[in-house]
Structure formats: structure tokens, C-alpha cells
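Below, each chain spelled out in residue letters.
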Amino acid sequence: MARILPISAFQFIIISSLLSSFSMILVSGEDHEFVKPMDPELFGLKKEKLTHFRLYWHDIVDGPNPTAVTVVQPLSNSSQTKFGMIRMIDNQLTLGPESSSKLLGRAQGFYASASQEDLSLLMVQNFAFVQGKYNGSTITLMGRNSLSNKVRELSVIGGSGLFRFARGYALLTTQSFNASKSDDAVVEYNIYVLHY
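Because the structure is predicted, anything quoted here is derived from the model rather than measured.

Asker: Looking at this model, I keep getting lost on the packing of aromatic side chains. Mind explaining?
Answerer: The geometry of an aromatic ring pair is captured by the separation of the ring centres together with the interplanar angle, meaning the angle of the planes. Within the structure shown, the criterion is met by eleven aromatic pairs. Both rings, one in F53 and one in F163, keep their centres 5.8 Å apart while their planes meet at 70 degrees; by these two values the pair is edge-to-face. Of this pair, F53 sits in strand 1 (residues 49–59) while F163 sits in the loop between strand 7 (151–160) and strand 8 (167–177), and the two are 110 residues apart along the sequence. Looking at F163, the relative accessible area reads 0%, which means it is buried. With centroids separated by 6.0 Å and ring planes inclined at 45 degrees, the aromatic side chains of W57 and Y189 adopt a geometry described as tilted. Taken as a pair, W57 in strand 1 and Y189 in strand 9 (residues 185–195) lie far apart in primary sequence, 132 residues in all. Each of the two residues, W57 as well as Y189, counts as buried. Here the aromatic cluster, defined as three or more aromatic residues joined through ring pairs, consists of F53, F129, Y134 and F163.

Asker: Got a minute to help me understand the pairing of strand 5 (residues 120–129) in this structure?
Answerer: For a regular strand, the rule is simple: side chains alternate between the two faces of the sheet. For strand 5, the tally of buried residues reaches seven of ten residues, placing the bulk of the element in the interior. Here nine bridges tie strand 4 (residues 103–113) to strand 5, and the two strands are oriented antiparallel to one another. Note that in strand 5 the partner of A112 across the bridge is L122. Linking two consecutive strands that pair antiparallel, namely strand 4 and strand 5, is a turn of six residues. Two elements, strand 5 and strand 6 (residues 138–146), share nine bridges in a ladder whose sense is antiparallel. Opposite S120, over in strand 6, you have S146 as the bridge partner.

Asker: So what exactly am I meant to see when it comes to the pairing of strand 4 here?
Answerer: Taken together, the nine bridges between strand 3 (residues 86–94) and strand 4 define a ladder with antiparallel strand orientation. Residue pairing in the sheet places R87 in a bridge with Y111 of strand 4.

Asker: What is the right way to look at unusual backbone geometry in this model?
Answerer: A negative phi holds for most residues other than glycine; trans holds for most peptide bonds. At K82, a position not held by glycine, the phi torsion is positive, near 55 degrees. Here K82 is to be found in the loop between strand 2 (68–72) and strand 3. By relative accessible area, K82 is classed as partly exposed at 32%. One non-glycine residue with positive phi stands out, namely F165, at about 65 degrees. Tracing the sequence through the fold places F165 in the loop between strand 7 and strand 8.

Parameters at a glance
Residues numbered from 1 in each chain as written. Predicted model: local features only at pLDDT ≥ 70, side-chain atom pairs only at ≥ 80, totals over all residues. Heavy atoms only, no water. Phe/Tyr/Trp six-rings, centres within 6.5 Å; stacked < 30°, edge-to-face > 60°. Helix = DSSP H or I, 4+ residues; strand = E, 2+ residues; numbered from the N terminus. Buried < 20%, exposed > 50% of the residue type's maximum accessible area, 1.4 Å probe, protein only. Pairing = 2+ DSSP bridges.

Pasting the structure below:
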């Protein structure tokens, strides 16, 4: 029968440390390439530029062809802020404030009443352009839209096509809002976007 030699605590610590160090060397020696630096020119990214867009967002809730549809009703009919309400949107983006103005794109996404105390919306939307140089490209906006403020700000958090790696902000100013009858609204968007 084999005999087990007694080892001291000190010997045990030394052996454990050596085995632990050896296993650390093996793990750290692996190259997983999870993260690595990239040259932006490999993606055709050249000089970053700042572009300003001014366009009009048409939110049609009422009528035969609504562009904003309530998909979740407010939690309570007595809520002054319609807290919990969510609307899916496919709104026109036009050159001027009139709905007959030239169509530049569509705002697609949703907004939700996110405050129990004031009229504030969480807005998540892609501005999908259908005209000119930017046709097929999108700008993604997200943020808090506090309707009681004359000018509100949303963040540009990204984009696609010519707006890959986009960042910036949008200033929103309500042109018209029919709160008593239909909730239809026209909002001017001034978007300042940094992109390549």
C-alpha cells in the first residue's frame, strides 16, 4: 500500500502557488481576439463632418390613415399624463410643415408616456431617408421629450448607411398640436449629426 507523506502548510502554499501561476500563464497565453484595435480607413472612414438637417415630423393619431397607433393603453383612464401608453409610429418627414410638402423620409419607431407627473415621452426612432444622397440611410434618435418645454433635445445614438458611427443631437419645436381633439402634431426637428 502506498504511503502518503505528510506535507506542511508552507509546502502546500508553495505548491498551490506554483500550480496557480502555471495555469494563469496558460490562460493568458491564449489569443481570443475578442477586442482588437482597428484602422478606420479599413472601413473607408475618412474625415468626420457635421451635417445639419431641418425637417418636419407629422404625427397623425386620428383619421382614416393614422401614422401613430396606440399599441399599449395607459394604465389608468384617470392619468393626466397617459402614463404607460405606447404608440408605434411610421410618421412622414417633410421639407416643410405642411403635410403636402416634399417627403424626405419616415420616422419609424415608438414613443411612450414615461412620466406620472408631467407630459414626458420616451422616444426611440429611426429617421429613414428616401431622397437624394441619403436615400437608404438612417439616423437613430432616442431620449426624453418633455412636451411642456418649448425646445426639447434628443440624442443621435447611431445610424446606418452614410450615418454609420453617427452621433449628435436633435432640437425639437412643436409647430402644431391638437391635444383637445386628436393628439395630431407637427414637430420641427433640427438635427446636428457628426458622421463620416
